[in-house]
Amino acid sequence: IPEKDIEITTTRAGGKGGQNVNKVESAVRLVHIPTGIMIRCTEERSQLQNKARALALLKARLTVIAQQQRVSALAEIRGDMIEAAWG
């Protein structure tokens, strides 16, 4: 995924965690600009780990979308499937 297609913002995670949650911006939000997919990751304590996890989730979602597009394109090419039977 090209770096120019992703908008990365960091925020404070919120929730349980004490002082670390209140002062450290460890939550990462990724927006894939061409598709508009937004992923927010707050699971890890480190911003780098959250960024890596969010990128992995984004790649997974993009591959699912690409696979669905390939399947629909193949179905469009094949047309209606007719059962080859007598009678």
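Going by the structure above, here's the rest.
Just so you know, these numbers come straight off a predicted model, no measurement behind them.

Thresholds, definitions, all that
Residues numbered from 1 in each chain as written. Predicted model: local features only at pLDDT ≥ 70, side-chain atom pairs only at ≥ 80, totals over all residues. Heavy atoms only, no water. Helix = DSSP H or I, 4+ residues; strand = E, 2+ residues; numbered from the N terminus. Expected span 1.5 Å × (residues − 1). Contact = heavy atoms within 4.5 Å. Polar contact = N/O pair within 3.5 Å; in protein donor to acceptor, adjacent residues only side chain to side chain. Buried < 20%, exposed > 50% of the residue type's maximum accessible area, 1.4 Å probe, protein only. Pairing = 2+ DSSP bridges. Core = buried A, V, L, I, M, F, W, Y, C linked by side-chain atoms within 4.5 Å.

Asks: Please set out helix α2 (residues 47-78) residue by residue, giving values where relevant.
Replies: Here α2 is 32 residues long and its end C-alpha atoms lie 46 Å apart, about the 46 Å a rise of 1.5 Å per residue gives. Those residues of α2 that are buried are in contact with β1 (6-11), β2 (27-32) and β3 (37-41). One side-chain oxygen at the N-terminal end of α2 lies 3.2 Å from the backbone nitrogen of leucine 48; it belongs to serine 46. Positive backbone phi, approximately 80°, marks glycine 79, located one or two places after α2.

Asks: Pulling in residues and values, what's your account of the pairing of β2?
Replies: Of all the six residues making up β2, five are buried; the element is thus mostly covered by neighbouring parts of the structure. Bridge count for β1 against β2 is six bridges, and the pairing is antiparallel. For isoleucine 6, the partnering residue across the bridge sits in β2 and is histidine 32. As judged from the five bridges shared by β2 and β3, these two strands associate in the antiparallel manner. Residue pairing in the sheet places histidine 32 in a bridge with isoleucine 37 of β3. Following β2, the chain reverses through four residues before pairing antiparallel with β3; glycine 36 in that reversal takes a positive phi of roughly 80°.

Asks: Let's hear about the nonpolar core: which residues, and what values?
Replies: If you look at the biggest cluster of nonpolar residues, it comprises nine residues: Ile6, Val28, Leu30, Ile37, Ile39, Cys41, Ala54, Leu58 and Leu62. Among the elements of the structure, β2, β3 and α2 are those that each provide at least two residues to this core.

Asks: Tell me what's going on with the side chain of asparagine 50, and back it up with residues and numbers.
Replies: Along the chain, asparagine 50 falls in helix α2. You can call asparagine 50 buried: its relative accessible area is 0%. Here asparagine 50 is in contact with Ser26, Ala27, Val28, Cys41, Thr42, Glu43 and Glu44, once residues within four sequence places are set aside.

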